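# A structural walkthrough
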Amino acid sequence: MISTFNGIPVQTIRSKRKTLAIQIDDSGLIVRVPMRMSERDILAFLNEKQGWIEKHWRKRLRQKSEGESLPPLTSDDIRALADKALSVIPAKVAYYAERIGVDYGRITIRNQRTRWGSCSDKGNLNFNCLLMLMPDKIVDSVVVHELCHRKHMNHSKEFYAEIEKVFPDYDECRKWLKDHGGEVMRRMQ
């Protein structure tokens with residue numbers, strides 16, 4: 001069984017799938033493979049993706065070390081962020097809802113470890129208070145993303161086209177959030 005790849009810890013997860021997938025987290029490399037795939041084929045796949053793996057592992061280590069230098073958030077910090085979010089986000093939602101041409105239900109502010117926002121099928125919107133640690137443009141991009149779910153409750157091409165109509169810089173913001181969001185999430189105790 002493959003336990004490391006170029007010094008990176010490897011966890012292999014076998015399941016009833018037809019394709020291989022790689023994921024990198026703080027603990028190392030997670031390789032999802034079909035149930036009966038041979039170790040030789042798995043290693044060949046990893047060798048083929050070696051450049052990608054090493055690049056993203058270095059990036060993950062860099063982000064982790066940068067994030068560890070930031071102090072953890074206290075419960076008072078979280079409350080202050082939630083209060084700020086309650087004063088900032090509803091106005092953004094109202095503004096963008098009108099531009100997109102949608103209605104919405106209740107707005108809730110939460111402190112979550114995995115999501116920046118969500119939209120229920122009833123139109124209720126949830127936003128992470130940690131957004132208040134982000135640049136304003138990033139907050140706008142999350143608000144627009146969730147409001148566009150009022151038109152498309154999926155992540156289809158049509159959904160992203162709807163976002164682009166209102167927020168042309170969305171891809172740039174999405175990349176920023178992907179690159180830096182983990183640092184902020186790690187500040188949760």
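Structure first, text after, so check above.
First things first, this report covers the structure right here in the doc. In this text, all values refer to a predicted model and were calculated from it rather than measured experimentally.

## Things to note about the packing of aromatic side chains
- If you walk through the whole model with that rule in mind, you get 4 aromatic pairs.
- Consider the rings of Tyr-95 and Tyr-96, whose centres lie 4.9 Å apart with planes at 80 degrees: the pair is edge-to-face.
- We classify Tyr-95 as partly exposed; its relative accessible area is 47%.
- Judged by relative accessible area, Tyr-96 falls into the buried class, the value being 7%.
- When the centroid spacing of 6.4 Å and the interplanar angle of 70 degrees are considered together, the rings of Tyr-96 and Phe-167 count as edge-to-face. Residue Tyr-96 is located in helix H3 (residues 75-100), and its partner Phe-167 is located in the loop between helix H5 (157-166) and helix H6 (170-185); the two are separated by 71 residues in the primary sequence.
- Here a set of aromatic residues connected by ring pairs shows up, and it is made of Tyr-95, Tyr-96 and Phe-167.

## Let's talk about the packing of H5 against H6
- Two numbers describe how H5 lies on H6: the axes approach to 9 Å, and their chain directions differ by 105 degrees. The orientation of H5 relative to H6 falls into the category roughly perpendicular. On H6, the residues that touch Tyr-160, Ile-163 and Glu-164 of H5 are Tyr-170, Asp-171 and Arg-174.
- Class assignment of the residues belonging to the contact of H5 with H6 gives a composition of 3 nonpolar, no polar and 3 charged.

## Some remarks on H5
- The complete set of buried residues in H5 reads Phe-159, Glu-162, Ile-163 and Val-166. Down the axis of H5, the buried set is contained in an arc of 100 degrees. They therefore lie on one face. In H5, the exposed positions angled more than 90 degrees off the buried face are occupied by Lys-157 and Lys-165.
- On its buried face, H5 sits against H3, helix H4 (136-148) and H6.

## Remarks on the layout of surface pockets
- Computed from the structure, the largest pocket encloses a volume of approximately 1000 Å³.
- Trp-116, Arg-174, Leu-177, Lys-178 and Asp-179 are the residues nearest the centre of the largest pocket, which is lined by 35 residues in total.
- Going through the elements one at a time, strand S3 (21-25), helix H2 (50-68), strand S6 (117-119), H4 and H6 are the ones with two or more residues in the lining of the largest pocket.
- Counting residues per element, the lining of the largest pocket draws most heavily on H6, at 10 residues.

Analysis parameters
Residues numbered from 1 in each chain as written. Predicted model: local features only at pLDDT ≥ 70, side-chain atom pairs only at ≥ 80, totals over all residues. Heavy atoms only, no water. Phe/Tyr/Trp six-rings, centres within 6.5 Å; stacked < 30°, edge-to-face > 60°. Buried < 20%, exposed > 50% of the residue type's maximum accessible area, 1.4 Å probe, protein only. Helix = DSSP H or I, 4+ residues; strand = E, 2+ residues; numbered from the N terminus. Axes fitted to C-alpha atoms, helices over the stretch in contact; angles between N-to-C directions. Parallel < 35°, antiparallel > 145°, perpendicular 65-115°, else oblique. Contact = heavy atoms within 4.5 Å. Nonpolar A, V, L, I, M, F, W, Y, C, P; charged D, E, K, R; others polar. Arc of directions from axis to C-beta. 1 Å grid on protein atoms, 1.4 Å probe; cavity = no way out; pocket = protein on both sides within 12 Å on 5 of 7 lines; lining within 4 Å. Points joined across faces, edges and corners; volume = space filled by probe spheres on them.

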